[in-house]
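# Fold and contact review
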Amino acid sequence: MTAPQAPVPSSRRYLIGGKDFLARPLEPGLHIVATPIGNLRDITIRAIETLAAADLVACEDSRVTRRLIDHFGLVTRLAPYHEHNAAEMRPKLLARLAAGEALALVSDAGTPLVSDPGFKLVEAAREAGHPVIPVPGPSAPLAALVAAGLPTDAFFFDGFLPAKTVARRQRAKTLAAVPGSLVFFETGPRLAASLADLAVELGPRAAAVCRELTKAHEEVRRGSLADLAGHYAEAGEPRGEIVLVIGPPGPVAAPEAADVDALLRQALAEGSVKDAAARIAEATGLPRRDVYQRALALAKD
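So, here's what we can say about the structure. What you are looking at is a predicted structure, and each value in this text was computed from that prediction instead of being measured. (Residues numbered from 1 in each chain as written. Predicted model: local features only at pLDDT ≥ 70, side-chain atom pairs only at ≥ 80, totals over all residues. Heavy atoms only, no water.)

Okay, the environment of phenylalanine 156 next. Considering the arrangement of structural elements, one finds phenylalanine 156 in strand E8 (residues 155-160). Separated by 10 residues in sequence, phenylalanine 156 and valine 166 place their C-alpha atoms 21 Å apart. With residues up to four places along the chain from it excluded, the contact list for phenylalanine 156 reads Arg171, Leu175, Val178, Ser181, Leu182 and Val183. (Helix = DSSP H or I, 4+ residues; strand = E, 2+ residues; numbered from the N terminus. Contact = heavy atoms within 4.5 Å.)

Structure (structure tokens):
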């Protein structure tokens, strides 16, 4: 008769498909763990084991990370680490590393250090001589890049664009010469305005708005920047997490009439006919007089 198996201890325990597993002990140091951006099944087995075996998991929002922890039956202790408490928490985490503990760092979703405060913790850990161990996995910018159908051989990720129009256009102008695809995070309320500003500064480039990636309502909408700006100005702000991918600069070509109209409509919603015509003429290289006449016609409509 087979002897009954000893129960798996709650420490370092995790569940997959209702089955108990025991995570191997972790190397002391700071483990940078990528977590799902939506679909919990995207997490790696190594990431689950790391979270299960860690002495402490530092996270942006414990309520968000708790859902992941509970889903896989983990009992690891959580500690908040975000932009508002980073200066206070960093010395405490470094002290635990100095004591030989294994800590895990996660963001709310995706790979830590991409638009979150983890960089300073990693920098401080490195300077103190503690091991920093990456546990790679999901990343929203990379997921959007491969889904957009735009060139991937060279790309530049720039996080969130500035919220104000003038600063946003200046930033776009600075990035115009980057010889690769551009990747941004954006919010629903700002999406249409950002697309319009990018269209003015970057011209008629191909782009893709990638929304709610890996989730039930995943959507990838492609078109020129002007087309996308017009669509979201009319349809209203979309919900959910958004990644914007813009193709690299190409040969300069005369803009399509529809693109010019879309840009003018957006510009007219923000200013006078004269200002709108001057702005779009400068962006497209078209004669100012022709653009002004078209702006007048659109304003009447």
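Next comes the rest of the account.
The next point concerns the sheet that holds strand E4 (residues 56-59). What holds strands together in a sheet is hydrogen bonding between their backbones, with the strands either parallel or antiparallel. Taken in spatial order, the five strands of this open sheet run E5-E4-E6-E3-E7, and their pairing is parallel. Each having just a single partner strand, strand E5 (78-80) and strand E7 (132-135) make up the two edges of the open sheet. Geometrically, the sheet is characterised by an average inter-axis angle of 25° between neighbouring strands, direction not taken into account. Pairing of strand E3 (residues 29-33) with E7, which is carried by four bridges, proceeds in the parallel orientation. The residue bridging isoleucine 32 from the neighbouring strand is proline 134, located in E7. Sheet strands touched by helix H4 (residues 118-127): E3, strand E6 (102-105) and E7. Its angle to E3, the strand with the most contacts, is close to 150°. (Pairing = 2+ DSSP bridges. Axes fitted to C-alpha atoms, helices over the stretch in contact; angles between N-to-C directions.)

For the rest of this paragraph, the subject is helix H1 (residues 45-53). Within H1, seven of the nine residues are buried, leaving the element largely enclosed by the surrounding structure. The set of residues buried in H1 consists of Ala47, Ile48, Glu49, Thr50, Leu51, Ala52 and Ala53. (Buried < 20%, exposed > 50% of the residue type's maximum accessible area, 1.4 Å probe, protein only.)

The two faces of E6 match: Ala102 and Ala104 on one face and Leu103 and Leu105 on the other face are all buried. Bridging between E3 and E6 involves four bridges; their strand directions are parallel. Across the sheet, the residue bridging to glycine 29 is alanine 102, located in E6.

Right, let's get into a nonpolar patch on the surface. The grouping of Ile16, Phe21 and Ile45 at the surface amounts to a nonpolar patch, some 250 Å² of accessible area in total. Tracing the chain through its elements places phenylalanine 21 in strand E2 (residues 19-22). (Patch = residues over 30% accessible without salt bridge, like charges linked within 9 Å, V, L, I, M, F, W, Y side chains within 5 Å. Areas by Shrake-Rupley, 256 points an atom, 1.4 Å probe, with all protein chains shown as cover. Salt bridge = Lys/Arg side-chain N within 4 Å of Asp/Glu carboxyl O.)

Next up on the list: the sheet that holds strand E11 (residues 219-224). If you walk across this open sheet you meet the five strands as E8-E9-E12-E10-E11, and the pairing is mixed. At either end of the open sheet lies a strand with only one pairing partner, and these are E8 and E11. Between one strand axis and the next, the sheet turns by 20° as a mean value, whatever way the strands run. Relative to strand E12 (residues 242-246), strand E9 (residues 181-186) runs antiparallel, the two sharing five bridges. Bridging from a neighbouring strand, valine 183 pairs with valine 245 of E12. Contacts from helix H6 (residues 165-175) reach E8 and E9, with the element oriented near 170° to E8. Helix H7 (residues 191-202) contacts E9, strand E10 (206-211) and E12 of the sheet and is inclined by roughly 15° relative to E12.

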